[in-house]
Every structure is written in structure tokens, then in C-alpha cells.
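# Coordinate inspection notes
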Amino acid sequence: MAKIISSFFISLDGVVESPDQWHFPYWNDEMGAVVEAGMRSAGAMLMGRKLYDEWSAYWTSAESDKEIAATFNALPKYVVTSTLEKADWENTTVVDGDVAAKLRELKEQIDGDIQMSGSATTVRWLLANGLLDELNLLVHPIAVGHGQRLFEDTPTHALKLVKSETFETGVLNLTYVPAEGV
């Protein structure tokens, strides 16, 4: 059974928006290995509408990072949305209607993990519906001060830390799973 795994670049103050504006000074081989391992385990990608719009515009015509673009373009992609009727990015399926039931079916059908990067709104929805299996946070030692935070106006969700490591740059690589009975 596939797991739905979400990964974020996140600041100390919880900001996940526009990591391209603050995260690159912390990029190193350690972080690259973590990101690459996530990509290798992916049997599919899951995203919300906003991330789909951004990534489909970029990765379908990316001149740099052609290897990453080829991987993203080839993977099956699923977009959780109630506003997009048809997805033009190759290998993309719109997931609407009874999204929770459809995602449970996908978890049974997909070989490998269902990876998510970004899509904070979708992650909050997945947690609320008991569908997120793992949350990976690369916590950067910076307070951004503005932007969308991973958890804004959400109910309480207990999580259990199952893995942690500190990179040379001070970035924390943290892996959480939903906590049972807390």
C-alpha cells in the first residue's frame, strides 16, 4: 500500500510560502540526498490546484534541471481540486468529488509512495481526513516573518517524531507521522 508523504522547506516561524526567496543559502549535499531519496521512492505525485498551476507551467518547459523535469513529467500526477476540469500536464488526473475515497483507492493501486511537495492547504485537508501518512520538514534556521504558514487556523493534530537529523547548515530534517490516541 502506498503512503502519502508530504515534504516542505519550512522556516523556524512556520513559513512555507516562496522558499525560493529564502531556502537556497541552506542547500547542500545532505539536503540534496534527502530530496533525491523522496523522488526515487515516488510512484506518483499529489498536489493542490495552485501547485499544479505553478509546476505545470515550469516543469513542462524547464530549460535547466532537465533530469528533474523528465522525472516530474513522466510520473503519474494527481491534482486535488474542485475548480479544474481538465489537466493538460501529461500523466495528470484531476481528483474531485469524493476526494477522500479516491485517494484511499489510489493508495491501494500505486506502487511506491505518493509524494507531495508544497500544497499546505492540501496537507491540512489530508491530516483532517486521516490520509497523510508522513510529514517531512526541512526546518531552516531563519525566521521569514511573512507568508503562508504550514498550519494556519487549523484544528490540533498530534504528530509523532520518528526521525531527526541536523545538517551542517543548521537545517533540521524532521519526519513525523500522525500520533495515535493523543
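Residues numbered from 1 in each chain as written. Predicted model: local features only at pLDDT ≥ 70, side-chain atom pairs only at ≥ 80, totals over all residues. Heavy atoms only, no water.

Scanning the protein chain from terminus to terminus reveals 5 helices and 8 strands. Put simply, the protein chain runs from its N terminus to its C terminus through helices and strands in the order β-α-β-α-α-β-β-α-β-α-β-β-β. What you see for the protein chain is a C-alpha radius of gyration of 16 Å, in line with the 16 Å of a compact globule of 182 residues. The C-alpha extent of the protein chain, read off along each of the three principal axes, is 45 × 40 × 30 Å. In the protein chain, which comprises 182 residues, the share counted as buried stands at 43%. Across the protein chain, the fraction of contacts at a sequence separation of at least 24, relative to all contacts at a separation of at least 6, is 70%. Total accessible area computed for the protein chain in this model is approximately 9,800 Å², and 50% of it derives from carbon and sulfur atoms. Here the protein chain contributes 14 positive and 27 negative side-chain charges, whose respective centroids are spaced 4 Å apart. (Helix = DSSP H or I, 4+ residues; strand = E, 2+ residues; numbered from the N terminus. Rg over C-alpha atoms; globule rule 2.2 N^0.38 Å. Buried < 20%, exposed > 50% of the residue type's maximum accessible area, 1.4 Å probe, protein only. Contact = heavy atoms within 4.5 Å. Areas by Shrake-Rupley, 256 points an atom, 1.4 Å probe, with all protein chains shown as cover. Lys, Arg positive; Asp, Glu negative; His and termini not counted. Charge placed at Lys NZ, Arg CZ, Asp CG, Glu CD.)

In a beta sheet, neighbouring strands are held together by backbone hydrogen bonds and run either parallel or antiparallel to one another. Read from one edge to the other, the open sheet built from 8 strands follows the order β4-β3-β2-β5-β1-β6-β8-β7, with strand pairing classed as mixed. Of all strands in the sheet, those with a lone pairing partner are β4 (92-95) and β7 (159-166), marking the two edges. Within the sheet, the average angular offset between the axes of one strand and its neighbour, ignoring direction, is 25°. Judged from the 3 bridges that link them, strand β2 (residues 42-48) and strand β5 (residues 113-117) form a sheet pairing that is parallel. Residue A42 lies in a different strand from β5, and its bridge partner there is D113. Across the sheet, helix α2 (residues 49-59) touches β2, β3 (77-80), β4 and β5, and the angle it forms with β2 is around 115°. (Pairing = 2+ DSSP bridges. Axes fitted to C-alpha atoms, helices over the stretch in contact; angles between N-to-C directions.)

Along the polypeptide, E85 turns up in the loop between β3 and β4. Taking relative accessible area as the criterion, E85 reaches 80% and is therefore assigned exposed. On a C-alpha basis, the gap between E85 and K50 in space is 14 Å, while along the polypeptide they are 35 residues apart.

What follows is about the pairing of β7. The pairing of β7 with strand β8 (residues 172-178) spans 7 bridges and is classified as antiparallel. Across the sheet, residue L161 finds its bridge partner in β8, namely Y176. The antiparallel pairing of β7 with β8 creates a hairpin that spans 5 residues between the two strands, and G170 there sits at a positive phi of about 90°.

A rise of 1.5 Å per residue sets the reference length of helix α1 (residues 29-41), with its 13 residues, at 18 Å; its end C-alpha atoms lie 18 Å apart and thus fit the reference within 8%. By the burial criterion, the buried members of α1 are M31, G32 and G38. All buried residues of α1 project into a common sector of 125° when viewed along the axis, lining one side. Projecting away from the buried face of α1 at angles above 90 degrees are the exposed residues D29 and R40. (Expected span 1.5 Å × (residues − 1). Arc of directions from axis to C-beta.)

Structurally, the position occupied by V15 is in the loop between β1 (4-11) and α1. Residue classification places V15 among the buried positions, given a relative accessible area of 0%. Between the C-alpha atom of V15 and that of F151, which follows or precedes it by 136 residues, the distance is 8.9 Å. V15 has contacts with F9, I10, W22, V144, H146, G147, Q148 and R149, leaving out every residue within four places of it along the chain.

Another aspect to go through is α2. Taken as a whole, α2 has its buried residues at L51, Y52, W55, S56 and W59. Seen end-on, α2 carries its buried residues on one side only, within an arc spanning 120°. Across from the buried face of α2, at angles greater than 90 degrees, the exposed residues are K50 and A57. Of the surrounding secondary structure, the elements contacted by the buried residues of α2 are β2, α3 (66-74), β3, β4 and β5.

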